[in-house]
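# Observations on the model geometry
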Amino acid sequence: MAIDIPRENKDKDTTVAPKSSSFEKPTAPQGNQKISLEESLEQRKKNAVLLAGKYTAAKRRMELFSVGSFAVLFSISFYRLCSWYAVKNVWVLLCSNILAMGLADFFSGIVHWAADTWGTLDTPMFGATFIRSFREHHLEPVAMTRHDFVETNGDNCLTVLFLLAFTAFLPFRENNTYDLFLFSLVLMLSLWVMLTNQIHKWSHCRKVPT
């Protein structure tokens, strides 16, 4: 004998909606599904707020340490360079500085691509620091214009501390042109790498900084 199932049970949707994480990754529309531009922008804003909220006190302390250490080591290195400098070596300093600018731009592009492509917020050491910053920037590019000097440049200062330790403390042959070029290259590379985020921040500002 056939059992007659009540209509309300037939029409009732018994599927269980999957749980979603707090950070929702935008997905491409499927079939006839359409996602409006407003919905997409709204989700990007929510994700940007979540990422900004992960800026912790520990991260701030690390940035303060990085900026302070950069200032000390760069000052020591620059003093050594000035005591080494002679007018006849100006071509060495000029060439090393131009090369350092190109290398800084190249390395920053590689790091930018890697942080956008690999890893997650849970990646040990890098997730809560570098990756979080890059992902937040792509969700809300102008957010970095509201960051102070420490938050803008702290990560970059950290990445070049080992280079500045090299220029601040390792011995060099004072009358050797090759050593002068290498010293100047590493020192200027550290400076331009530190400034890449600052210059990028200025590019997003509505007004030219004064």
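Just above, that's the structure.
Everything numeric here is computed off the predicted structure, so don't read it as measured data.

Within the chain one finds eight helices and zero strands. Secondary structure elements of the chain occur, N-terminal to C-terminal, as α-α-α-α-α-α-α-α. In the chain, which comprises 210 residues, the share counted as buried stands at 30%. Of the contacts made within the chain by residues no fewer than 6 positions apart, 77% connect residues no fewer than 24 positions apart. Of the roughly 14600 Å² of accessible surface on the chain, a fraction of 65% belongs to carbon and sulfur atoms.

Attention now moves to the packing of helix H6 (residues 149-159) against helix H8 (residues 177-204). Where H6 meets H8, the closest approach of the two axes is 7 Å, and the angle between their N-to-C directions is 150 degrees. With respect to H8, the axis of H6 lies roughly antiparallel. For the pair H6 and H8, the sense of crossing is right-handed. Touching Phe149, Thr152, Asn153, Asn156, Cys157 and Thr159 of H6 are Val193, Met194, Thr196, Asn197, Gln198 and Lys201, all from H8. Residue composition of the contact of H6 with H8, by class: four nonpolar, seven polar and one charged.

According to the stated counting rule, one finds five aromatic pairs in the structure shown. Centre to centre, the rings of Phe70 and Phe74 are 5.7 Å apart; their planes meet at 10 degrees, and the pair counts as stacked. On the criterion of helical spacing, the pair formed by Phe70 and Phe74 is a turn pair, its members being four residues apart in helix H3 (residues 57-84). For the pair shown, Phe70 and Phe74 are each scored as buried.

For the α-helix, the turn length of 3.6 residues means that residues three or four positions removed from each other point alike. With 28 residues, helix H4 (residues 90-117) should cover 40 Å at 1.5 Å per step; its first-to-last C-alpha distance of 41 Å lies within 8% of that length. The set of residues buried in H4 consists of Val92, Leu93, Ser96, Ala100, Ala104 and Ala115. Following H4 by one or two positions, Gly119 adopts a phi angle in the positive range, close to 85 degrees.

With that out of the way, let us pick up a nonpolar patch on the surface. Together, Val72, Ile76 and Phe169 give the surface a local cluster of nonpolar side chains, amounting to about 290 Å² of exposed area. Secondary-structure assignment places Ile76 in helix H3.

Let's shift gears to the pattern of salt bridges. Enumeration according to the criterion identifies four salt bridges in this entry. For the salt bridge of Asp148 with Arg60, the shortest nitrogen-to-oxygen distance reads 2.7 Å. Taken as a pair, Asp148 in the loop between helix H5 (127-139) and H6 and Arg60 in helix H3 lie far apart in primary sequence, 88 residues in all. Here Asp148 falls in the partly exposed class, since its relative accessible area comes to 33%. Between Arg173 and Asp179 there is a salt bridge, with its nearest N and O atoms 2.9 Å apart. Residue Asp179 is classed as buried on the basis of its relative accessible area, which comes to 8%. Look at the salt bridges and you will find they share partners, linking Lys59, Glu63 and Asp155 into a network.

Attention now moves to the side chain of Lys201. Among the structural elements, Lys201 can be located in helix H8. Although buried, Lys201 forms no salt bridge, and the nearest oppositely charged side chain, Asp148, lies 6.9 Å from it. In contact with Lys201, not counting residues within four places along its chain, are Met144, Thr145, His147, Asp148 and Thr152.

What counts, and where the lines are drawn
- Residues numbered from 1 in each chain as written.
- Predicted model: local features only at pLDDT ≥ 70, side-chain atom pairs only at ≥ 80, totals over all residues.
- Heavy atoms only, no water.
- Helix = DSSP H or I, 4+ residues; strand = E, 2+ residues; numbered from the N terminus.
- Buried < 20%, exposed > 50% of the residue type's maximum accessible area, 1.4 Å probe, protein only.
- Contact = heavy atoms within 4.5 Å.
- Areas by Shrake-Rupley, 256 points an atom, 1.4 Å probe, with all protein chains shown as cover.
- Axes fitted to C-alpha atoms, helices over the stretch in contact; angles between N-to-C directions.
- Parallel < 35°, antiparallel > 145°, perpendicular 65-115°, else oblique.
- Left-handed = near helix turned anticlockwise from the far one by under 90°.
- Nonpolar A, V, L, I, M, F, W, Y, C, P; charged D, E, K, R; others polar.
- Phe/Tyr/Trp six-rings, centres within 6.5 Å; stacked < 30°, edge-to-face > 60°.
- Expected span 1.5 Å × (residues − 1).
- Patch = residues over 30% accessible without salt bridge, like charges linked within 9 Å, V, L, I, M, F, W, Y side chains within 5 Å.
- Salt bridge = Lys/Arg side-chain N within 4 Å of Asp/Glu carboxyl O.
- Lys, Arg positive; Asp, Glu negative; His and termini not counted.

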